[in-house]
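# Commentary on secondary and tertiary structure
This is what each chain is made of:
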Amino acid sequence: DLSVSWLGVNMENPLYNASGVMCRSREELDAVAASAAGAVVTKSCTLSPREGNPEPRYARAPHGSINSMGLPNAGYEYYLDYAKNYDHASGKPLFVSVSGMTLEENLTMLKAFRDADLPCLVELNLSCPNLPGKAQIGYDFAASSHVLSEVVKVYDKPFGVKLPPYFDPVHFAEMASVLNSFPSLKYVTCINSVGNGLVIDIDSESVVIKPKAGLGGLGGDYVLPTALANVREFSRLLDGKHVIGCGGIKSGREAFMHILAGATAVQVGTCLYEEGAGCFARIRDELAAIMEEKGYRTLADFRGKLLTM
Ligand code: DHB
């Protein structure tokens, strides 16, 4: 039994897409919904539609991927409309990712989602690394606190945040303390891509993506240990909040590791981009096989039970 129930959300299995991958158009969202994924999350939206950064802006790399998409999306009204027409009784919960260019944009979008009163959860993105000249809010603790205090003034429903990766225990503790002061913040998704890496192709002696002179967010194998550290640390430090794991999941093994580190559910990014929606059935079956072999019947049997030495 791979099912998971959290915040009133019931998922047949813990796997879904990482926001940004296969979720920009209705057709892509429908493809995730039609797959073996346990839920669906939309591409981070902004107030107005955006073309995003110049191409090439995604590249496969030896151990994962690098991207600098620049928030290409159809504008929040498109995703609001998708959510209004979504079959919320399908058994595949819908999450909506929101990533305004400014606090005002975020508040406007959140009010619209609040007023629509749909049975879907917001994932507020505090961590887009690919907008030239714009810092990630998640790396500024005071700014994160300010954004969240303004958000909860207008948005009275349970919601979550997508966090960037942190690399220092002091930063885990500082961000956890900010997040713990917001009771309606019910979950965090760890992690967004590891920002501003540089992949070099030795044959062409060149960068592999065009924006920001080649800098982009890393995903895939490169980020798994960082993702696991963030999942484990936030699971320990947050009071009564769920952690959704994201980063480096390409088989049942990494999904098992994320859940062992404390994840309630897990998202698949690079692997979904490379393999397509068929990855969900494969990873689900591999996770089930690992559990069978270890004698675990449910995810709760091992969730958060990572041993230390
Ligand atoms: C983009 C990348 C992100 O990591 C994110 O959180 C939001 C948007 C992007 O480049 O489109």
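I will try to describe carefully the structure that is included in this document. Just so it is clear, the model here is predicted, and its values are computed rather than measured.

Reading the values: rules and limits
Residues numbered from 1 in each chain as written. Predicted model: local features only at pLDDT ≥ 70, side-chain atom pairs only at ≥ 80, totals over all residues. Heavy atoms only, no water. Axes fitted to C-alpha atoms, helices over the stretch in contact; angles between N-to-C directions. Helix = DSSP H or I, 4+ residues; strand = E, 2+ residues; numbered from the N terminus. Parallel < 35°, antiparallel > 145°, perpendicular 65-115°, else oblique. Left-handed = near helix turned anticlockwise from the far one by under 90°. Contact = heavy atoms within 4.5 Å. Nonpolar A, V, L, I, M, F, W, Y, C, P; charged D, E, K, R; others polar. Near = heavy atom within 4 Å. Polar contact = N/O pair within 3.5 Å; in protein donor to acceptor, adjacent residues only side chain to side chain. Areas by Shrake-Rupley, 256 points an atom, 1.4 Å probe, with all protein chains shown as cover. Pairing = 2+ DSSP bridges. Patch = residues over 30% accessible without salt bridge, like charges linked within 9 Å, V, L, I, M, F, W, Y side chains within 5 Å. Salt bridge = Lys/Arg side-chain N within 4 Å of Asp/Glu carboxyl O. Buried < 20%, exposed > 50% of the residue type's maximum accessible area, 1.4 Å probe, protein only. Right-handed = clockwise from strand over helix to strand, strands pointing away. Phe/Tyr/Trp six-rings, centres within 6.5 Å; stacked < 30°, edge-to-face > 60°. Lys NZ or Arg CZ within 6 Å of the ring centre and 35° of its normal. Expected span 1.5 Å × (residues − 1).

### Examining the packing of helix α4 (residues 141-154) against helix α5 (residues 169-180)
Geometry of a packed helix pair, given as the angle between the helix axes and the separation of the axes. Where α4 contacts α5, the axes come no closer than 10 Å and their chain directions differ by 15°. Classified by the angle their axes make, α4 and α5 are roughly parallel. Judged by the sense of rotation from one axis to the other, the crossing of α4 with α5 is right-handed. Packed against α4, whose contacting residues are F141, S144, S145 and L148, the element α5 presents H171, E174, M175, V178 and L179 at the interface. Among the residues forming the contact of α4 with α5, the class breakdown is five nonpolar, three polar and one charged.

### Describing the site of the ligand
The local shell around the ligand holds 13 residues, among which K43, G70, L71, N125 and N192 are the closest. Within the side chain of N192, an N or O atom sits 2.5 Å from an oxygen atom of the ligand. Compared with its free state, where it exposes 290 Å², the ligand has 93% of that area covered by protein. Taken together, the residues of the shell around the ligand break down into five nonpolar, seven polar and one charged.

### Examining the sheet that holds strand β15 (residues 242-246)
Read from one edge to the other, the open sheet built from eight strands follows the order β3-β16-β15-β10-β9-β8-β7-β4, with strand pairing classed as parallel. With one partner strand each, in any of the chains shown, β3 (15-17) and β4 (40-41) form the two edges of the open sheet.

### So, a nonpolar patch on the surface
A contiguous nonpolar patch, built from L198, I200 and V207 and spanning about 270 Å² of accessible area, is present on the exposed surface. Tracing the backbone shows V207 in strand β13 (residues 206-207).

### Regarding the pairing of strand β9 (residues 159-163)
Summarising burial for β9: five of the five residues are buried, a large majority. Both faces of β9 are covered, namely the face carrying F159, V161 and L163 and the face carrying G160 and K162. As defined by bridge partners, strand β8 (residues 121-125) adjoins β9 across four bridges and the pair is classed as parallel. By the bridge assignment, V122 is partnered in β9 with F159. One crossover worth recording links β8 to the parallel β9 by way of α4, and it is right-handed.

### Re unusual backbone geometry
Residues E55 and P56 are joined by a peptide bond in cis, for which omega reads 0°. Within the secondary structure, P56 sits in the loop between β4 and β5 (58-61). A cis geometry characterises the amide bond from C190 onward to I191, with omega recorded as 10°. By the element assignment, I191 lies in the loop between β10 (185-190) and β11 (194-198).

### Some words on the packing of aromatic side chains
Applying the stated criterion across every chain, the model contains 17 aromatic pairs. One aromatic cluster is present, built from ring pairs that chain together Y139, F141, Y166, F172 and F234. Above the ring of Y78, the side-chain terminus of R26 is found at 4.4 Å from the ring centroid.

### With respect to helix α6 (residues 224-237)
Between its first and last C-alpha, α6 extends 20 Å over 14 residues, near the 20 Å set by a 1.5 Å rise per residue. For α6, the set of buried residues is L224, T226, A227, L228, N230, V231, E233 and F234.

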